[in-house]
Amino acid sequence: MSTKAFRKEDIQGKTVIETSGKVGGKVKDVTFSLDGAITLIVIKEDGTEHPVPLKQVVGISDHVIVRGEPMMGGASIPTAIGTPVCKFCGSELSPTSTWCPKCGKAQT
Ligand SMILES: [Zn+2]
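Remember, it's a predicted structure, so these values are computed and weren't measured experimentally. (Residues numbered from 1 in each chain as written. Predicted model: local features only at pLDDT ≥ 70, side-chain atom pairs only at ≥ 80, totals over all residues.)

## With respect to the overall build of the protein chain
Which entries qualify depends on this criterion: Helix and strand labels come from DSSP, where a helix needs a run of H or I of at least four residues and a strand needs a run of E of at least two; each type is numbered from the N terminus. Exposure is read from a count of other C-beta atoms within 10 Å of each residue's own; the residue is exposed at 12 or fewer, buried at 20 or more and partly exposed in between. C-beta atoms are placed from the backbone. Note on contacts: each residue gets a C-beta atom placed from the backbone, and two residues are in contact if those atoms are within 7 Å.
Across its full length, the protein chain carries 1 helix and 6 strands. Across the 108 residues in the protein chain, those meeting the buried criterion constitute 12%. Of all intrachain contacts in the protein chain linking residues separated by at least 6 positions in sequence, the fraction that spans at least 24 positions is 21%.

As C-alpha cells, this is what we get:
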C-alpha cells in the first residue's frame, strides 16, 4: 500500500469509478470519526449523497477507484445494519461472531 498522504482537496471533486468500470459519482467531501473510520461522501448523478468507506477505496489517481458496487440502486450499505453474513459462504452469523460456524473462516 502507498504511504502517500492525501489532502481532502486532492480527492474532492474527483470522479469515483467502481472496479466494474461504472462511474459512481463525484467526491463531495471526506468525513472521519474518532474511531478512525474515514468515509468519502460521494454525490451521485441524481444528486443524492452516498457514503463510501475508505476501506472500499482501492486507488486514488486521476479518479477514485472503489471496490464493489457501493452505489448500486441507491440503497444503503447492506451490511451496515441487520444480520451479519459470512463473507465466504453467505450463511448468517450472530452479531458477535468473529468466525463462521458453517465454513469456519474468520470474519476479519
Ligand atoms: Zn462461512
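Having put the structure on the table, let's press on.
## Quick word on the nonpolar core
Keep this limit in mind: Remark: nonpolar core denotes a set of buried Ala, Val, Leu, Ile, Met, Phe, Trp, Tyr and Cys residues whose joining runs through C-beta atoms within 7 Å.
If you look at the biggest cluster of nonpolar residues, it comprises 7 residues: V16, V27, L40, V42, V52, V64 and V66. At the level of elements, β3 (38-43) and β6 (64-66) are the ones that each hand at least two residues to this core. What V27 contacts, discounting residues up to four positions off in sequence, is I11, Q12, G13, K14, V16, L40, V42 and V64.

## As for the sheet that holds β6
Going by this rule: Strand pairing follows a simple DSSP-based rule, namely that at least 2 bridges must link the two strands. The axes are straight lines fitted to the C-alpha atoms, using for helices just the contacting stretch, and the angles between their N-to-C directions are given from 0 to 180°.
Overall, mixed pairing links the 6 strands, which are arranged β4-β3-β2-β1-β6-β5 in an open sheet. Both outer strands of the open sheet, β4 (49-53) and β5 (57-60), are each paired with one neighbouring strand and no more. Taken pair by pair, the neighbouring strands of this sheet meet at an average axis angle of 35 degrees, ignoring direction. Bridge analysis of β5 against β6 gives 3 bridges, and the strand direction is antiparallel. Along β6, the bridge assignment pairs G59 with I65.

## A look at the confidence of the model for the protein chain
Any residue range with low pLDDT should be treated as having predicted coordinates unsuitable for detailed reading. Keep this limit in mind: pLDDT is defined as a per-residue confidence score from the predictor, taking values between 0 and 100.
The predicted model of the protein chain has a mean per-residue pLDDT of 84, with 84% of residues at 70 or higher. Per-element confidence in the protein chain ranges from a low mean pLDDT of 90 for helix α1 (residues 8-11) to a high of 94 for β3. Residue range residues 70-77 is modelled with pLDDT below 50. Its contacts to residues more than four positions away, or to other chains, number 11 contacts.

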